[in-house]
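# Analysis of the macromolecular model
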Amino acid sequence: DIAQVKGICFRRESIIFDTEDAPILHDLNDLAPPLRVLDGDTKGRIICLETQRGCVFRCNFCFYNKDLSIRNRRFDLDRVKAEILYWLRQDIAEIYLMDPVFNLNAARAKDICRFIAEHNQRHIPFHTEVWAEFIDEEMARLLHEASFGFLEVGLQTTDVNVLAVAERRLKLARFVEGVGHLKRFNLRFEVHLIYGLPGETRATFRDSLNFAASLNAPDVAVFPLMVLPGTELRRKAGILKVEFDPEPPYYIRSHYTMIREDIAYGLKVAEAVRRIGDAWTIRLLGREKGVTFADVVDEWIDWTGGEPDGPSVHEEAEDQAKLDEKIRQFVGHFCTRKRIPTKFYEASSAIEFRARTKSAAARV
């Protein structure tokens, strides 16, 4: 009976059953590979695999550790390699290694990359999350050789006080060095920021956003803080005067250094960065004398009215040409407002959006 299974919660008619905690599984290799039993065609699918579970870091907004006494467990390397090899032989679109931090153990990550590079003759793209401070030149080269097509790089904030409240470590010089290695090997990566961490203000977040833009990463993304059940942040919500949505995804509403209006502004920032943050013409504008990337984002929000609810992914793909035209108009507006000569930026946006249109056509 399902009620005898430990570690689950379920509904039976009007009664909710919450069984006792399941014991910690010390050896992950006791688990069968779950995707091998899938019915149906996997052609063109993204395959999600784990090489490890958990994380040794203690960021209090993160749910990876789940209060386990064992903070990081790993599948045997032979098992990982066998799983990857099996899927490299299938007609799939991508493999996502969904580890909290793929390169938590750099030597192990490099070993996996060497194996992928040796057996990935079709250059199936890989996607994973990495810790920039653990990226050296060899790691970046191996990620490139293994066809890692997309890397998530968590920065979250650069403010020392916010880092302390979030119980998150950041060695900034080492972070910059790691990002430099990724750029040297032309790896596509996205730097992530979290908006709404306790201790953050609009001003400190702007500093973090400007720093992220200064890295010249291919992509920058901003995500609103989620106050997840089971996290240390959730337990400290009262102390930090944290208010959040009671329903998933538990978005932040306010805390002791940000009122609701500040959080609402942050949602507009996240949407603005999603729409214009990867445009190199916008990035160049943010380097003009007396101008920052955050200034450009703020002006876009004012000019568009914020647009917190953007189109879906499918709508966005169809409307890319319209968005490009809107950005072009905005660039002209911004230059006029800031008394910046427009000729260079008109040419830049024309070249950029023409190249983007050709790239989209090639993908189709």
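Procedures and definitions
Residue positions are counted from 1 within each chain, in the order its sequence is given. Given that this is a predicted model, residues contribute local features only at a pLDDT of at least 70 and side-chain atom pairs are listed and counted only at 80 or more, while totals for whole chains, interfaces and linings are drawn from all residues. Just so you know, side-chain values use all the structure's heavy atoms and leave hydrogens and water out. Counting from the N terminus, the helices are DSSP H or I runs at least four residues long and the strands are E runs at least two residues long. Exposure is judged per residue with a 1.4 Å probe applied to protein chains only, and the accessible area is read against the type maximum: over 50% gives exposed, under 20% gives buried, and values in between give partly exposed. For this analysis, residues touch if any pair of their heavy atoms sits within 4.5 Å. Surface accessibility in these figures is a Shrake-Rupley result with a 1.4 Å probe; residues are shielded only by whichever protein chains are displayed. By the counting scheme adopted, Arg and Lys are positive, Glu and Asp are negative, and His together with the chain ends is not counted. In plain terms, the charge of a residue is placed at NZ if it is Lys, CZ if Arg, CG if Asp and CD if Glu. One bridge is not enough; two strands pair if DSSP finds at least two bridges between them. To obtain each axis, a line is fitted to C-alpha atoms, and for helices this fit is confined to the stretch in contact; angles are then taken between N-to-C directions over 0 to 180 degrees. For this analysis, a salt bridge means a side-chain nitrogen from Lys or Arg found within 4 Å of a carboxyl oxygen belonging to Asp or Glu. Aromatic contacts are taken between Phe, Tyr and Trp rings whose centres are within 6.5 Å, Trp giving its six-membered ring; a plane angle under 30 degrees counts as stacked, one over 60 as edge-to-face, and the others as tilted. Only lysine NZ and arginine CZ atoms are considered, and such an atom sits over a ring when it is within 6 Å of the ring centre and within 35 degrees of the ring normal.

### Structural notes on the overall build of the protein chain
Broken down by element type, the protein chain carries 13 helices and 12 strands. Along the three orthogonal principal directions, the C-alpha set of the protein chain runs to about 70 × 55 × 45 Å. The buried share of the protein chain, taken over its 364 residues, is 45%. By sequence separation, contacts in the protein chain at least 24 residues apart represent 72% of the contacts at least 6 residues apart. Carbon and sulfur atoms make up 53% of the accessible area of the protein chain, which totals about 19300 Å². Computed over 52 positive and 56 negative side-chain charges, the inter-centroid distance for the protein chain is 3 Å.

### A short note on the side chain of Asn120
Secondary-structure assignment places Asn120 in the loop between α2 (106-119) and β7 (126-130). Filtering out sequence-adjacent residues up to four positions away, Asn120 remains in contact with Leu88, Phe126, Ala146 and Ser147.

### Remarks on the environment of Met139
Here Met139 is to be found in helix α3 (residues 137-145). On the basis of relative accessible area, Met139 is assigned to the buried category, the value being 0%. Remark: the alpha-carbon pair of Met139 and Asn105, spanning 34 residues in sequence, is separated by 11 Å. The residues touching Met139, leaving out its near neighbours within four places in the chain, are Asn103, Ala106, Ala109, Lys110, Cys113 and Phe134.

### A look at the sheet that holds strand β3 (residues 46-49)
Strand order in the open sheet formed by six strands is β3-β6-β7-β8-β9-β10, with parallel pairing between adjacent strands. Of all strands in the sheet, those bounded by a partner on one side alone are β3 and β10 (219-224). Pairs of neighbouring strands in the sheet enclose a mean axial angle of 25°, with direction left out of account. On top of the sheet, helix α5 (residues 172-184) reaches β8 (148-156) and β9 (189-195); it is set at about 165° to β8, its chief contact. Packing against the sheet, helix α6 (residues 202-214) makes contact with β8, β9 and β10, and its axis sits at approximately 180° to β9.

### A short note on the pattern of salt bridges
One pass over the full model with this rule turns up 21 salt bridges. We note a salt bridge from Glu167 to Lys236, for which the minimum N-O separation is 2.9 Å. Here Glu167, found in the loop between α4 (160-166) and α5, pairs with Lys236, found in the loop between α7 (232-235) and β11 (243-244); they are 69 residues apart in sequence, far enough to count as distant. For Glu167, a relative accessible area of 34% puts it in the partly exposed group. When its relative accessible area of 26% is taken as the criterion, Lys236 is described as partly exposed.

### Structural notes on the packing of aromatic side chains
What the rule picks out here adds up to 14 aromatic pairs. For the pair Tyr195 and Tyr265, a centre-to-centre distance of 6.3 Å together with 65° between the ring planes defines the contact as edge-to-face. Separated by 70 residues along the polypeptide, Tyr195 in strand β9 and Tyr265 in helix α8 (residues 260-276) bring together distant segments of the chain. Each of the two residues, Tyr195 as well as Tyr265, counts as buried. Here a set of aromatic residues connected by ring pairs shows up, and it is made of Trp300, Trp303, Phe330 and Phe334. If you follow Arg202 out to its NZ or CZ, it ends over the ring of Tyr265, 4.4 Å from the centre. Directly above the aromatic system of Tyr250 lies the positively charged group of Arg234, at a separation of 4.9 Å from the ring centroid.

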